[in-house]
Amino acid sequence: MILIVGGAGYIGSHINKELNKQGYKTLVVDNLSTGKKELVKWGEFVEADLADKNKLLEIFDKYKIEVVMHFAASKAVGESVTDPAKYYRNNVVNALNLLEAMKEKGVKNLIFSSSAAVYGVPQYMPIDENHPLNPINPYGQTKYIIEKMLADFETAYGLKYVALRYFNACGADLDGETGEWQGSSQNLIPQVLDAVIGARSEIGIFGTNYPTPDGTCVRDYIHVSDLASAHVLALKNLLDTNKSEIYNLGNGRGFSVREVITAVKKITGREFGVVETSRRAGDSAVLVASSDKIKAELGWKPKYIMIEEIVVSAWRWHQKKYKI
Ligand code: UFG
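Within every chain, residues take consecutive numbers counted from 1 along the sequence as written. In keeping with the model being predicted, local features are shown solely for residues with a pLDDT of at least 70 and side-chain atom pairs are shown and tallied solely at 80 or more, while totals for entire chains, interfaces and linings include all residues. Hydrogens and water molecules were not included; the side-chain quantities draw on all heavy atoms of the structure.

Asks: Got a minute to help me understand the overall build of the chain in this structure?
Replies: Secondary structure elements are defined from DSSP: runs of H or I of at least 4 residues count as helices, runs of E of at least 2 residues count as strands, and each element is numbered from the N terminus. Across its full length, the chain holds ten helices and 14 strands. The globule rule puts the C-alpha radius of gyration for 324 residues at 20 Å, and the 19 Å found for the chain is close to it. Buried positions account for 55% of the 324 residues belonging to the chain. Of the roughly 13,600 Å² of accessible surface on the chain, 48% is carried by carbon and sulfur atoms. Positive charges come from Lys and Arg, negative ones from Asp and Glu, while His and the chain ends are left out of the count. The location of each charge is read from NZ of Lys, CZ of Arg, CG of Asp or CD of Glu. Of the side chains in the chain, 39 bear a positive and 38 a negative charge, and the two mean positions are spaced by 2 Å. This radius of gyration counts C-alpha atoms alone. The globule rule is 2.2 Å times how many residues there are, raised to the power 0.38. With a 1.4 Å probe rolled over the protein chains alone, any residue whose accessible area is under 20% of its type maximum counts as buried; one over 50% counts as exposed, and the rest are partly exposed. Per-residue and other accessible areas were derived by the Shrake-Rupley procedure at a 1.4 Å probe size, with only the shown protein chains allowed to occlude residues.

Right, here's the structure in full:
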């Protein structure tokens, strides 16, 4: 059985769906702080908080867990700068609880949601896995620290892991069965879609004087269903080879904030207010991935590479969620 910690959340719920589609048995553990019970549509569910290590030990006693997938974390870069304590507790301390519980119960395999935020300001582009790690915000620091913990747990206790460094996860399940829940995201695309439906009065562009073609930040937007297929490949490879790995996950193309806003206007056919505001602390100008390693080694191929296709899926889910 695969334990999906944070499986009621945005990314975890897509991976839960994909695993069940491919015949795996899953157990979702989530504290429902941002995840939603309604998104646990596959496998079993136990409500629990990673802060409660005894509860984790009970779960490992009760279920025969072969692999843990860990998605339960706080993820807003801006918030991590203003409230780092929340990030060190939710991400680092809670990950340590999970790793210790796994160690005590002899569970040796982990797939970890890491982030492109571990790289910091890029020294070259696209960013591959050998790029130096120098996170520039507390969120990225927490992912960096956890990656270090994984390596140390491997050396000392034989943990085997795959750390997947996501670039900008976005979009939603094309069947409309899961997506990002209302109010739970501060990321660009959901925020812009909120402006479309009037749930917020306008969208702010955080900085227009970056050294990029149109002055706004460029990101690599990777569809969440492409992330899901990569997780299953990583899982199979981990079980086949018993070898720890680190892979980037991005689609290799960069889109600026303005390009995202333009795509949303085109897809939705609606106008909304756009205001140019100051830079957000902790942002890099450009983050674009090289995912050549996972493509070459595991045969992963992202399906949704154009921003329009990604926005279509996100918009479909947004409309469903708000019943427009
Ligand atoms: N942005 C705006 N206005 C908004 C929201 C965001 O201009 O209202 C801008 C941000 O400044 C940034 C871009 O849109 O330039 C994307 O911002 P997100 O908050 O959606 O995403 P981030 O790039 O900050 O972070 C995301 C993930 C992290 C990951 C990072 C790495 O949330 O987990 O991508 O690429 F580490």
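Asks: Explain helix H7 (residues 224-241) here, please?
Replies: An α-helix turns once every 3.6 residues. As a result, residues three or four positions apart point the same way. Each helix should span, by expectation, one fewer than its residue count multiplied by 1.5 Å. Taking 1.5 Å per residue, 18 residues should reach 26 Å; H7 reaches 25 Å between its end C-alpha atoms and fits that length. Within the span of H7, buried status applies to Val 224, Ser 225, Asp 226, Leu 227, Ala 228, Ala 230, His 231, Val 232, Ala 234, Leu 235, Asn 237 and Leu 238. Positioned one or two residues after H7, Asn 242 has a phi angle of 55 degrees, which is positive.

Asks: Just to check I follow, could you spell out the site of the ligand for this structure?
Replies: In these notes, residues near a molecule or strand are those with any non-hydrogen atom within 4 Å of it. In the vicinity of the ligand lie 21 residues, with Ser 115, Asn 168, Arg 219, Arg 280 and Asp 283 positioned nearest. One nitrogen or oxygen atom from the side chain of Asn 187 is found 3.1 Å from an oxygen atom belonging to the ligand. Backbone polar atom of Phe 206 to an oxygen atom of the ligand: 2.9 Å apart, as the coordinates give it. It is strand S8 (residues 202-206) that provides the largest number of residues to the shell around the ligand, a total of four residues. Its residues placed into classes, the shell around the ligand shows twelve nonpolar, five polar and four charged. Each of domain 1 (2-169 + 222-249) and domain 2 (188-220 + 252-321) gives at least three residues to the shell around the ligand. Here a polar contact means two N or O atoms within 3.5 Å. Within protein one must be a hydrogen donor candidate and the other an acceptor candidate, and residues neighboring in sequence count only if both atoms are side-chain atoms. Note that Gly is not counted as nonpolar here; it falls among the polar residues with everything else outside the nonpolar set of Ala, Val, Leu, Ile, Met, Phe, Trp, Tyr, Cys and Pro and the charged set of Asp, Glu, Lys and Arg. A domain assignment, automatic or from a database, supplies the domain bounds used here.

Asks: Is there a simple way to think about the nonpolar core in this case?
Replies: Across soluble globular proteins, nonpolar side chains show a tendency to be buried alongside one another. One finds Ile 11, Ile 111, Leu 164, Ile 189 and Tyr 221 to be the most contacted residues of the largest nonpolar core, which totals 64 residues. When residues in this core are grouped by element, the largest group, eight residues, is from H7. When residues of this core are assigned to domains, at least three fall in each of domain 1 (2-169 + 222-249) and domain 2 (188-220 + 252-321). In what follows, residue pairs with any heavy atoms lying within 4.5 Å of each other are defined as contacts. Once you skip the residues sitting within four places of it in the chain, Ile 111 turns out to touch Val 67, Val 68, Met 69, His 70, Val 162, Leu 164, His 231, Ala 234, Leu 235 and Leu 238. Working definition of a nonpolar core: buried Ala, Val, Leu, Ile, Met, Phe, Trp, Tyr and Cys residues. They are joined through side-chain atoms within 4.5 Å.

Asks: Which parts of the structure should I look at to understand the packing of aromatic side chains?
Replies: Given two aromatic rings, one states the distance between the centres and the angle between the planes to describe the pair. Between rings of Phe, Tyr and Trp, where Trp is taken as its six-membered ring, a pair exists when centres lie within 6.5 Å; planes separated by under 30 degrees are stacked, by over 60 edge-to-face, and by other angles tilted. In the structure shown here, the tally under the stated rule is three aromatic pairs. Look at Phe 153 and Tyr 157: their rings are 4.9 Å apart centre to centre, the planes differ by 75 degrees, and that puts the pair in the edge-to-face class. Here Phe 153 pairs with Tyr 157, and both are found in helix H5 (residues 138-157), just four residues apart, close to one helical turn. Over the ring of Tyr 210 we find Arg 279, and its NZ or CZ is 3.9 Å from the ring centre. Only when the NZ of Lys or the CZ of Arg is both within 6 Å of the ring centre and within 35 degrees of the ring normal is a charge said to sit over the ring.

Asks: How should the environment of Pro 135 be read in this particular structure?
Replies: Looking at the element boundaries, Pro 135 is found in the loop between strand S5 (109-115) and H5. On the basis of relative accessibility, which here comes to 10%, the residue Pro 135 falls in the buried class.

Asks: When you look at the environment of Thr 216 in this model, what are you seeing that I'm missing?
Replies: Checked against the element boundaries, Thr 216 lands in the loop between S8 and strand S9 (218-219). Sequence separation between Thr 216 and Ala 234 is 18 residues; the distance between their C-alpha atoms is 33 Å. Beyond its immediate sequence surroundings of up to four residues, Thr 216 is in contact with Ile 205, Gly 207, Thr 208, Tyr 210, Ser 256, Val 257 and Arg 258. A polar side-chain atom of Thr 216 sits 3.4 Å from the main-chain amide nitrogen of Arg 258.

Asks: Looking at this structure, I do not really get the packing of helix H4 (residues 84-105) against H5. What am I missing?
Replies: Angle between the axes and distance between the axes are the two parameters that describe a pair of packed helices. Axis definition: a line fitted to C-alpha atoms, over the contacting stretch in the case of helices. Angles run 0 to 180 degrees between N-to-C directions. Direction vectors running N to C along H4 and H5 enclose 15 degrees, while the axes themselves pass 9 Å from each other. Of the possible angle classes, the one that applies to H4 and H5 is roughly parallel. Here H4 and H5 pass one another in a crossing that is right-handed. Seen from H4, the contacting residues are Pro 84, Tyr 87, Tyr 88, Asn 91, Val 92, Ala 95, Leu 96, Leu 99, Glu 100 and Lys 103; seen from H5, they are Pro 138, Tyr 139, Gln 141, Thr 142, Ile 145, Ile 146, Met 149, Leu 150, Phe 153 and Tyr 157. Looking at the contact of H4 with H5, its residues break down into 15 nonpolar, three polar and two charged. The cut-offs work like this: below 35 degrees is roughly parallel, past 145 is roughly antiparallel, 65 to 115 is roughly perpendicular, and the gaps in between are oblique. Handedness of a crossing is defined here by the sense of rotation of the near helix relative to the far one, left-handed for an anticlockwise turn of less than a right angle and right-handed for a clockwise turn.

Asks: It is not clear to me how the sheet that holds S9 should be interpreted in this structure. Could you clarify?
Replies: Two orientations exist for strands paired in a sheet by backbone hydrogen bonds: parallel and antiparallel. One open sheet accounts for three strands, arranged S12-S9-S14; its pairing is mixed. Taken across any chain shown, the strands that pair with only one partner, and hence form the sheet edges, are strand S12 (255-256) and strand S14 (286-287). In this description, strands pair whenever DSSP reports at least two bridges between them.

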